[in-house]
Amino acid sequence: MRILLVEDDAMIGEATSVALKDAAYAVDWVSDGATASNVLRDGGHQAVLLDLGLPRRDGLEVLRRLRQAGNTVPVLVITARDGVDDRIKGLDFGADDYLVKPFDVNELLARLRAIIRRQGGHAAPVLSNGRLSLDPETHEARCGDRVELLGAREFALLHALLLRPGAILGRDELEQRIYGWNEEVESNVIDVLIHGLRRKFGTAIIKNIRGAGWMVDKPL
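Reading guide: rules and limits
- Residues numbered from 1 in each chain as written.
- Predicted model: local features only at pLDDT ≥ 70, side-chain atom pairs only at ≥ 80, totals over all residues.
- Heavy atoms only, no water.
- Helix = DSSP H or I, 4+ residues; strand = E, 2+ residues; numbered from the N terminus.
- Rg over C-alpha atoms; globule rule 2.2 N^0.38 Å.
- Buried < 20%, exposed > 50% of the residue type's maximum accessible area, 1.4 Å probe, protein only.
- Contact = heavy atoms within 4.5 Å.
- Areas by Shrake-Rupley, 256 points an atom, 1.4 Å probe, with all protein chains shown as cover.
- Lys, Arg positive; Asp, Glu negative; His and termini not counted.
- Charge placed at Lys NZ, Arg CZ, Asp CG, Glu CD.
- Pairing = 2+ DSSP bridges.
- Axes fitted to C-alpha atoms, helices over the stretch in contact; angles between N-to-C directions.
- Polar contact = N/O pair within 3.5 Å; in protein donor to acceptor, adjacent residues only side chain to side chain.
- Core = buried A, V, L, I, M, F, W, Y, C linked by side-chain atoms within 4.5 Å.

Q: I'd like to hear about the overall build of the protein, residue by residue, with values.
A: Check the secondary structure of the protein and you find 8 helices and 11 strands. A compact globule built from 220 residues should have a C-alpha radius of gyration of about 17 Å, and the protein, at 18 Å, falls within 12% of that. For the protein, with 220 residues in total, the buried portion stands at 49%. For the protein, restricting intrachain contacts to residue pairs at least 6 apart in sequence, the fraction spanning at least 24 positions comes to 58%. For the protein, the exposed area adds up to about 10700 Å²; of that, 48% sits on carbon and sulfur atoms. If the 29 positive side-chain charges of the protein are averaged to one point and the 33 negative ones to another, these points end up 6 Å apart.

Encoded structure:
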């Protein structure tokens with residue numbers, strides 16, 4: 001999953017970025033509100049972690065403009081503003097959740113997983129199409145009696161496919177879910193990852209639609 005982190009504190013931004021990458025997210029980090037608004041107009045992110053006290057444009061204004069434009073990307077506000085009125089305003093402006101600094105990284109990741117699940121219409125924490133299942137918390141995939149702990153990029157790819165079972169995802173879209181802005185894209189990484197997943201669970205779990213991309217079956 002590709003996450004936009006909007007945070008002007010360098011120490012918090014760096015620590016959060018590292019934690020997200022360790023959890024298999026691709027992270028793009030910006031440090032001011034005006035840049036965040038420009039980036040969000042282009043789309044391509046599956047969730048936003050948004051600070052409120054930002055230079056050049058306040059986080060609430062970023063959020064207001066985002067929702068006015070009809071963009072429904074999940075937004076988790078992370079801020080030191082802990083007043084009830086601030087939380088109410090953030091939620092009323094369209095935030096999906098609100099986390100006050102300082103926060104525990106594990107709670108941040110759990111809340112992020114929750115808002116992404118809700119956006120995809122998944123109430124249960126484990127993604128499944130009836131044949132193949134994936135636990136976003138443990139990064140374990142199961143197919144029949146076979147259970148495997150996936151590497152970060154294997155997990156990111158399978159997560160993207162299982163969020164939209166039956167939908168065909170092309171190479172560019174899958175690469176965007178795996179890599180952040182400053183990461184070099186390996187030319188055959190998608191093929192290698194899919195080959196590895198098929199070797200673990202069987203060739204039928206991920207279908208190749210020639211000239212279009214890859215998909216997993218719709219739920220049984």
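Anyway, onward from the coordinates.
Q: Any details on the sheet that holds strand S8 (residues 140–143)? Residues and values, ideally.
A: Spatial strand order, S6-S7-S8-S9: 4 strands in an open sheet with antiparallel pairing. Each of the sheet's edge strands pairs with one partner strand only, and the pair in question is strand S6 (127–128) and strand S9 (146–149). Bridge count between S6 and strand S7 (residues 132–135): 2 bridges; the pairing is antiparallel. Its bridge partner lying in S7, Ser-128 is registered against Ser-133.

Q: Give me the pairing of S7: which residues, what numbers.
A: Joining the antiparallel neighbours S6 and S7 is a turn of 3 residues, in which Gly-130 adopts a positive phi near 95 degrees. Of the pairings in the sheet, the one linking S7 to S8 comprises 4 bridges and is antiparallel in character. When the bridges of S8 are listed, Leu-134 appears paired with Ala-141. As consecutive antiparallel partners, S7 and S8 are separated by 4 residues, and within that stretch His-139 has a phi angle of approximately 65 degrees, a positive value.

Q: Hey, could you go over the sheet that holds strand S3 (residues 47–50) for me, with residue numbers and the actual values?
A: In spatial order, the strands read S2-S1-S3-S4-S5; together these 5 strands make up an open sheet with parallel pairing. This sheet does not close on itself; its edge strands, each paired only once, are strand S2 (26–30) and strand S5 (97–100). Neighbour-to-neighbour, the strand axes of this sheet turn through a mean angle of 20 degrees, independent of strand direction. In terms of strand pairing, strand S1 (residues 2–6) meets S2 through 5 bridges, oriented parallel. Each bridged residue has a counterpart across the sheet, and for Leu-4 the counterpart in S2 is Asp-28.

Q: Give me the lowdown on the side chain of Glu-154, citing residues and values where you can.
A: Mapped onto the fold, Glu-154 is located in helix H6 (residues 152–163). Within polar-contact distance, the side chain of Glu-154 engages the side chain of Lys-200 at 2.7 Å. Not counting residues up to four positions away in its chain, the partners in contact with Glu-154 are Leu-193, Gly-196, Leu-197 and Lys-200.

Q: Tell me about the nonpolar core, and name the residues and values.
A: With 47 residues, the main nonpolar core has Tyr-25, Leu-157 and Ile-206 as its most contacted residues. Setting aside its immediate chain neighbours within four residues, Leu-157 contacts Leu-174, Ile-178, Ile-190, Leu-193, Ile-194, Leu-197 and Ile-206. Core analysis: the second largest hydrophobic core is formed by 19 residues, Leu-52, Val-62, Val-77 and Ala-95 among them.

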